[in-house]
Number of protein chains: 2
Amino acid sequence: MAGTADDATDRRDTSSRDKILEVAEALFARRGFAGVGMREVAEAAGLGKSSLFHHFRSKVQLYLAVLERVLGRLDDRQTAVLSQSLAPAEKLDRWMDVTIDTFAEQPASARLLLRALFEEDEFDGTDWPEGQAVDRRLASVLEGVARLLNEGMKKGAFRAASTPHVLQTLIGAALYHFASGELGEALLGGPMLSADAVRARKAEMKAFMHHGLAPRPAQSAGGDES
Amino acid sequence: MAGTADDATDRRDTSSRDKILEVAEALFARRGFAGVGMREVAEAAGLGKSSLFHHFRSKVQLYLAVLERVLGRLDDRQTAVLSQSLAPAEKLDRWMDVTIDTFAEQPASARLLLRALFEEDEFDGTDWPEGQAVDRRLASVLEGVARLLNEGMKKGAFRAASTPHVLQTLIGAALYHFASGELGEALLGGPMLSADAVRARKAEMKAFMHHGLAPRPAQSAGGDES
DNA sequence: GTCTATATCACGATAGAC
DNA sequence: GTCTATCGTGATATAGAC
């Protein structure tokens, strides 16, 4: 696996809080905020329901803590790559490497993030104080890669494209793939998290991005039926 | 808007069933299966809760009916395009036109479909008989565009790529964009469903696909940090 | 077909013993 | 920090009058 080593080693003396976050991450990823009950989380973590409420005062607080942990892991690794001094195209490749590795190593994170991005939670705002940490992490992730794209376009390493649209495509291509689970594996005809499958996805996304962002005048597409 | 005219015209003599499906589609899209209550659907449709259960025997049945309607609308329009005799590249452009138009004209459909694809419902199988219609529609959508991609590669119109991976990228780029709602509009800095914004998304996706599928040998990407 | 009532159950959250 | 017991609410779903 990649650089960071603070992961799931020695799980034995893990605190209850970490265990809760671990199982809650998997459950929220699979069935969403409304689809998971605190009783279910408690049982999966090996506790009673009241003990769970001792660690997290409310379901929203637990959900936001899970989200912040997932976003934090991703943000830290991406920020490390983005702070290196590399040519934009090379840096974008590294960004895709580390992003895809994170999704592949933590299978729940892609689904959880995809939900968080399109599900318009009512608690990612100013209402819940814990939501601010989530908002900061999300902004850091998005602004980091947006800055890279803009820099690359200014330097002529990428064609002049719409940064938001490229971002949307990048998010969709990376996040959806690893969130697609069963259906994705049915399409691929095999596992999606094996070393080979992860390598294949990286190659595929890099090929698309290399060609799609190549610094040549974009060919004006055909007609428009609407 | 586009060709089909069976849309929301003369809503006055719409039956209760259609009204229910309409409001349920919007609600399920926004908050998912578990996040929506039958009482809420009934009230939004202007009925009592029991009247709703008269039209749909269970919540699962209602959800599957909504899904089938959304998938059916998409499948019908895509199939019409795919059955035309056009060159693969041109046909893929038309496929993207009609797909994006459908998502843009029915704003709930993208979110609903995205959920259906990655949420691994337990009722999309053999358990519920209504789920088979949903499965058929989904298979038709996926197989249709997969056939087009394979045909294009065989004819040399597209580079030899992994059809499943291209499919995943295509789904992610089209579906996520129109499902991204608030966040997407925040990134774009404006509305995402306006005629201009829809045109811009079509152009962006076509540019990426034209370049990403261009029939030249794919350049072998750089290193791999994992 | 639509309604009022009701049955049954699980939910989030709290109280308080240990 | 974990437990049992409980509160109040809202969930899906049904019964039966009109």
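Calculation criteria
- Residues numbered from 1 in each chain as written.
- Chains lettered and ligands numbered in written order.
- Predicted model: local features only at pLDDT ≥ 70, side-chain atom pairs only at ≥ 80, totals over all residues.
- Heavy atoms only, no water.
- Phe/Tyr/Trp six-rings, centres within 6.5 Å; stacked < 30°, edge-to-face > 60°.
- Helix = DSSP H or I, 4+ residues; strand = E, 2+ residues; numbered from the N terminus.
- Buried < 20%, exposed > 50% of the residue type's maximum accessible area, 1.4 Å probe, protein only.
- Lys NZ or Arg CZ within 6 Å of the ring centre and 35° of its normal.
- Axes fitted to C-alpha atoms, helices over the stretch in contact; angles between N-to-C directions.
- Parallel < 35°, antiparallel > 145°, perpendicular 65-115°, else oblique.
- Left-handed = near helix turned anticlockwise from the far one by under 90°.
- Contact = heavy atoms within 4.5 Å.
- Nonpolar A, V, L, I, M, F, W, Y, C, P; charged D, E, K, R; others polar.
- Least-squares fit on C-alpha atoms with pLDDT ≥ 70 in both.
- Near = heavy atom within 4 Å.
- Polar contact = N/O pair within 3.5 Å; in protein donor to acceptor, adjacent residues only side chain to side chain.

Some points on the packing of aromatic side chains
The geometry of an aromatic ring pair is captured by the separation of the ring centres together with the interplanar angle, meaning the angle of the planes.
Residue and element names in this part refer to chain A.
Part 1 of the reasoning: Throughout the structure, instances matching the rule amount to 15 aromatic pairs over all chains.
Part 2 of the reasoning: Their ring planes at 85 degrees and their centres at 5.6 Å tell us that Tyr63 and Phe123 sit as a pair that is edge-to-face. You can see Tyr63 sitting in helix α4 (residues 59-82) and its partner Phe123 sitting in the loop between α6 (107-118) and α7 (130-154), a full 60 residues away along the chain. Here Tyr63 matches Phe123 in class, with each residue buried.
Part 3 of the reasoning: Of the aromatic side chains, those joined through ring pairs into one cluster are Phe28, Phe33, Tyr63, Phe123 and Trp128.
Part 4 of the reasoning: Across the ring face of Phe33, the terminal group of Lys59 is positioned such that the distance to the ring centre comes to 4.4 Å.

Let's talk about unusual backbone geometry
Part 1 of the reasoning: The backbone of A:Glu120 shows a phi angle near 45 degrees, a positive value even though the residue is not glycine.
Part 2 of the reasoning: Within the secondary structure layout, A:Glu120 lies in the loop between α6 and α7.

Some details on the packing of helix α5 (residues 88-105) of chain B against helix α7 (residues 130-154) of chain B
Residue and element names in this part refer to chain B.
Part 1 of the reasoning: Relative orientation of the contacting elements α5 and α7 amounts to 155 degrees, with a least axis distance of 9 Å. Classified by the angle their axes make, α5 and α7 are roughly antiparallel. Note on packing geometry: the crossing formed by α5 with α7 is left-handed. Only Val145, Leu148, Leu149, Glu151 and Gly152 of α7 make contact with α5, whose side of the interface consists of Pro88, Lys91, Leu92 and Trp95.
Part 2 of the reasoning: For the contact of α5 with α7, the per-class residue count stands at 6 nonpolar, 1 polar and 2 charged.

So, the relation of the copies chain B and chain A
Think of it as a corkscrew move, a rotation about one axis and a shift along it, taking one chain copy to the other.
Part 1 of the reasoning: Between chain B and chain A, which share one sequence, the superposing operator has a rotation angle of 180 degrees and an axial displacement of 0.0 Å; the RMSD is 0.1 Å. In short, the pair behaves as if placed about a two-fold rotation axis. When C-alpha distances to the rotation axis are compared across chain B, the minimum falls at B:Gly172, with a value of 2.1 Å.
Part 2 of the reasoning: Take the interface residues of chain B: 100% of them recur as interface residues in chain A, which is what a same-surface contact looks like.

As for the protein's contact with DNA strand C
Part 1 of the reasoning: Inspection of the region around DNA strand C gives 16 residues, with A:Met38, A:Ser50, B:Gly48, B:Ser50 and B:His55 positioned closest.
Part 2 of the reasoning: Expressed as a percentage, the sugar and phosphate content of the atoms of DNA strand C within 4 Å of the protein is 49%.
Part 3 of the reasoning: One nitrogen or oxygen atom from the side chain of A:Lys49 is found 2.8 Å from a base nitrogen belonging to DNA strand C.
Part 4 of the reasoning: Within the side chain of B:His55, a nitrogen or oxygen atom sits 2.6 Å from a phosphate oxygen of DNA strand C.
Part 5 of the reasoning: Put simply, the parts of the chain that give the surface near DNA strand C at least two residues each are α2 (38-45) and α3 (49-55) of chain A together with α3 (49-55) of chain B.
Part 6 of the reasoning: Here the surface near DNA strand C takes 4 residues from α3(B), the largest share from any one element.

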